[in-house]
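# Reading the structure
The chain contents come next:
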Amino acid sequence: GLFLGTTTTSVDGYTTFGSIFGFNYAYEFQTDLLWTVAGAASSTEGTATVDVAGTPTQETLQSRTAEVDTGLRAYFLRSEAGIVIPYLGAGLSVLNYSLDYPNTAIGRTSGNGPGAFVDAGVELRLTRSVTLIPSFGLRVHTIKTQTGESKGLLSGGLVFTVRIST
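This section reports on the structure supplied with the text.

Parameters and conventions
- Residues numbered from 1 in each chain as written.
- Predicted model: local features only at pLDDT ≥ 70, side-chain atom pairs only at ≥ 80, totals over all residues.
- Heavy atoms only, no water.
- Pairing = 2+ DSSP bridges.
- Helix = DSSP H or I, 4+ residues; strand = E, 2+ residues; numbered from the N terminus.
- Axes fitted to C-alpha atoms, helices over the stretch in contact; angles between N-to-C directions.
- Core = buried A, V, L, I, M, F, W, Y, C linked by side-chain atoms within 4.5 Å.
- Buried < 20%, exposed > 50% of the residue type's maximum accessible area, 1.4 Å probe, protein only.
- Contact = heavy atoms within 4.5 Å.

In this section: the sheet that holds strand 4 (residues 55-75). In any sheet, the strands associate via hydrogen bonds between backbone groups, in a parallel or an antiparallel arrangement. The strand order around the closed barrel formed by eight strands is 1-2-3-4-5-6-7-8, and the pairing between neighbours is antiparallel. Here the strands of the sheet are splayed against their neighbours by 20° on average, with no regard to which way each runs. Here 15 bridges tie strand 7 (residues 130-144) to strand 8 (residues 150-164), and the two strands are oriented antiparallel to one another. The residue bridging L138 from the neighbouring strand is G156, located in strand 8.

In structure tokens:
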């Protein structure tokens with residue numbers, strides 16, 4: 001299914017806010033246990049007051065990311081007649097990032113970083129063929145700053161997926 005939502009990115013105490021768009025695919029290989037693959041792109045922006053030569057300066061912070069992840073999703077309380085079906089998921093991911101955090105320890109940097117994710121959501125069967133899936137996810141990836149220092153990038157937010165089946 002396709003998803004759209006809000007996301008927050010946090011690196012070294014600096015936080016930006018924006019949107020995320022992507023897709024996911026799931027294959028049920030055992031009852032109530034699925035293998036998932038997803039891809040997403042996000043764009044966030046924020047501001048921070050930083051010290052530039054002893055003068056507090058307001059800077060605009062921006063991040064652009066693309067992510068591919070794979071993992072497992074487990075359903076709970078699932079039945080043919082069920083309308084509300086909760087799930088939990090977790091797995092590994094790779095993040096392609098481009099960050100512009102002027103006059104901070106992050107600087108201007110781009111690259112790829114490994115990571116992991118957890119998701120929790122609820123499938124809401126609206127009709128026999130349409131399902132709305134609100135979910136909340138958290139991701140953590142390792143990135144490199146402009147000077148090559150490793151930092152953790154934490155991202156997460158609320159997304160909505162619509163699944164249409166025939």
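What follows is about the nonpolar core. Side chains of nonpolar character tend, in soluble globular proteins, to be buried together. If you look at the biggest cluster of nonpolar residues, it comprises eleven residues: V11, A48, V50, L61, L95, Y97, L99, Y101, I106, I143 and L153. Elements with a contribution of two residues or more to this core: strand 3 (33-52) and strand 5 (84-101). If one sorts the elements of this core by residue count, strand 5 sits on top with four residues. Discounting chain neighbours no more than four positions away, the residues touching A48 are Y14, T57, Q58, E59 and L61.

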